[in-house]
Amino acid sequence: MPNQITVTTPLLPDLDEFSAMLKEVWNNKWITNNGQFHQKLEAALCEYLKVPYISLFTNGTLPLLTALQALRISGEVITTPYSFVATTHSIWWNGIKPVFVDIDPSNCGMDPDCIEAAITPRTTAIMPVHCYGKPCDIVRIQQIADKYGLKVIYDAAHAFGVEVNGKSILEYGDLSTLSFHATKVYTTIEGGAMIMHDQETKERIDYLKNFGFVDETEVIAPGINSKMDEVRAVYGLLNLQLVDAAIEARHQVAIKYRSALSTVKGIRYFEDMPGVKHNYSYFPIFVNAEEYGMTRDELYNKMRENGVYGRRYFYPLISTFSTYRGLPSASPENLPNATRVANEVICLPMHHQLSDEDINRILGLIVK
Ligand SMILES: *Cc1c(COP(=O)(O)O)cnc(C)c1O
């Protein structure tokens, strides 16, 4: 069997450079709690992402939990079933009822046309996802939020570095969160962040991610421990120097995929959106079984048998998991587009180290 091609591979800094910087951490004997590399990484990420404030976290799930806490969200939150399960789990962990709405297949984000019908007197917020790093309909979502007095928290785990008309996607909504997990475009091994728009919120979030401590003796809220440590901050600083080249390498992979797939009947994929700086975090294809002559799972299994490990992100829908499937909003009739897309999707391998040989091997299994 030929060697395996996985859906992604982590962005790894040079090990010697990493060790050299770790020496400094060891010398400092300051290994967590807002150390100097943590501060440096926050500053460097603000500059890279073009945002005024950021707070680093240990992963991409805890900033979602903390965002809901910080804004005192309760009752019901409108969200998307077409995401990684952490999105809905963060709502559930806060004792809030998730209300699922359908997606727009053209960007796999929440369909704004479905939001208003899902609003009840208990609704307090909307939690959309910039799925695959594709911007949601940020303007219409904000209009609806403003009309009904709702908060907007974006799960932007896929949207590192994405810009719309020169402005960071992270500037939209009340708060946005990032994941720096090993499988993401930019990684600190495990890690994440929250993006906010003012200094007071930044301070509050920094308290909340450190048990609510303001100083030695004062605790302002039931905070949590989700601080990033110095080792991962160093890893992140080094990876920040590599991420542009990694994104460009992914872009080239996307160009090659698109050019070969453009003639294949029954395979849909995304083009770049006008005015958007993409990060090429994923390359989903959508298989129309009738037109393509093979079901998604047949193609997925054929790829696997040949050592090509695509992933069916996001199948199954979050709304089908045991915790959530009893909710009225979880019924497939309420989520026709999400249900169809989840049954059609395969994310092709997409990372900065795919060779032309790899790409041709992958395409050879799909193009007939
Ligand atoms: C990866 C991911 C998360 C969770 O991030 P972790 O860093 O793994 O905790 C949350 N939401 C989405 C959409 C993700 O893809």
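Refer to the preceding data block for the structure.
Keep in mind that what you see is a predicted model, and the values were worked out from it rather than measured.

## With respect to the overall build of the protein
Scanning the protein from terminus to terminus reveals 13 helices and 15 strands. Radius of gyration (C-alpha) of the protein: 21 Å, near the 21 Å computed for a compact globule of 368 residues. Taken over the C-alpha atoms alone, the protein extends approximately 65 × 55 × 40 Å along its principal axes. Counting the 368 residues in the protein, one finds 55% classified as buried. Considering only intrachain contacts with a sequence separation of at least 6, the fraction spanning at least 24 residues in the protein is 70%. When the accessible area of the protein is evaluated, it comes to approximately 15900 Å², of which 52% is carbon and sulfur surface. A distance of 4 Å separates the average location of the 33 positive side-chain charges in the protein from that of its 42 negative side-chain charges.

## Focus on the side chain of H351
Position of H351 relative to the elements: it lies in the loop between strand 15 (345-348) and helix 13 (356-366). When its relative accessible area of 6% is taken as the criterion, H351 is described as buried. In terms of polar contacts, H351 uses its side chain to reach the backbone amide nitrogen of Q353, at 3.0 Å. Contacts of H351, omitting those with residues within four sequence positions, involve T6, V7, T8, T9, R250 and V253.

## Some thoughts on the nonpolar core
The biggest cluster of nonpolar side chains holds 81 residues, and the ones touching the most others in it are L45, F160, Y257, L261, I285, L299 and I366. The biggest single contributor to this core is helix 9 (residues 243-261), with 7 residues. Split by domain, the residues of this core number at least three in each of domain 1 (15-240) and domain 2 (243-364). Residues in contact with L299, not counting those within four places in the same chain, are I267, I285, V287, Y292, M294, I346, L365 and I366. Formed by 25 residues, the second largest nonpolar core is a distinct cluster that contains Y82, Y132, Y324 and V341.

## Concerning empty space enclosed by the protein
In total, this model carries 2 cavities of 30 Å³ or more according to the counting rule given. By volume, the largest cavity amounts to about 120 Å³. The wall of the largest cavity is formed by 16 residues, among which K134, R258, F270, Y280 and Y282 lie closest to the centre. Where the lining of the largest cavity is concerned, the elements lending two or more residues are helix 9 and strand 14 (283-287). A breakdown of the residues in the lining of the largest cavity according to their chemical character gives 9 nonpolar, 4 polar and 3 charged. Domain assignment of the residues forming the lining of the largest cavity places at least three in each of domain 1 (15-240) and domain 2 (243-364). Surrounding the second largest cavity, A157, H158, F160, K184, V185, N279, S281 and Y282 form its lining. For the lining of the second largest cavity, the residue count by class is 4 nonpolar, 3 polar and 1 charged. Each of two domains, domain 1 (15-240) and domain 2 (243-364), supplies a minimum of three residues to the lining of the second largest cavity.

## Description of the environment of C46
The topology assignment puts C46 in helix 2 (residues 36-49). Its relative accessible area of 16% is what places C46 among the buried residues. The residues touching C46, leaving out its near neighbours within four places in the chain, are V51, P52, Y53 and I54.

## Notes on the pattern of salt bridges
Applying the stated criterion across every chain yields a total of 15 salt bridges. When the shortest N-O distance is used, the salt bridge between K209 and D206 registers 3.7 Å. Put simply, R312 and D297 hold a salt bridge, and the shortest N to O gap is 3.0 Å. Placement of R312 in the loop between helix 11 (296-305) and helix 12 (336-344) and of D297 in helix 11 is noted, with a sequence separation of 15 residues between them. Take D297: its relative accessible area is 28%, and that puts it in the partly exposed class.

Basis of the calculations
Residues numbered from 1 in each chain as written. Predicted model: local features only at pLDDT ≥ 70, side-chain atom pairs only at ≥ 80, totals over all residues. Heavy atoms only, no water. Helix = DSSP H or I, 4+ residues; strand = E, 2+ residues; numbered from the N terminus. Rg over C-alpha atoms; globule rule 2.2 N^0.38 Å. Buried < 20%, exposed > 50% of the residue type's maximum accessible area, 1.4 Å probe, protein only. Contact = heavy atoms within 4.5 Å. Areas by Shrake-Rupley, 256 points an atom, 1.4 Å probe, with all protein chains shown as cover. Lys, Arg positive; Asp, Glu negative; His and termini not counted. Charge placed at Lys NZ, Arg CZ, Asp CG, Glu CD. Polar contact = N/O pair within 3.5 Å; in protein donor to acceptor, adjacent residues only side chain to side chain. Core = buried A, V, L, I, M, F, W, Y, C linked by side-chain atoms within 4.5 Å. Domains from an automatic or database assignment. 1 Å grid on protein atoms, 1.4 Å probe; cavity = no way out; pocket = protein on both sides within 12 Å on 5 of 7 lines; lining within 4 Å. Points joined across faces, edges and corners; volume = space filled by probe spheres on them. Nonpolar A, V, L, I, M, F, W, Y, C, P; charged D, E, K, R; others polar. Salt bridge = Lys/Arg side-chain N within 4 Å of Asp/Glu carboxyl O.

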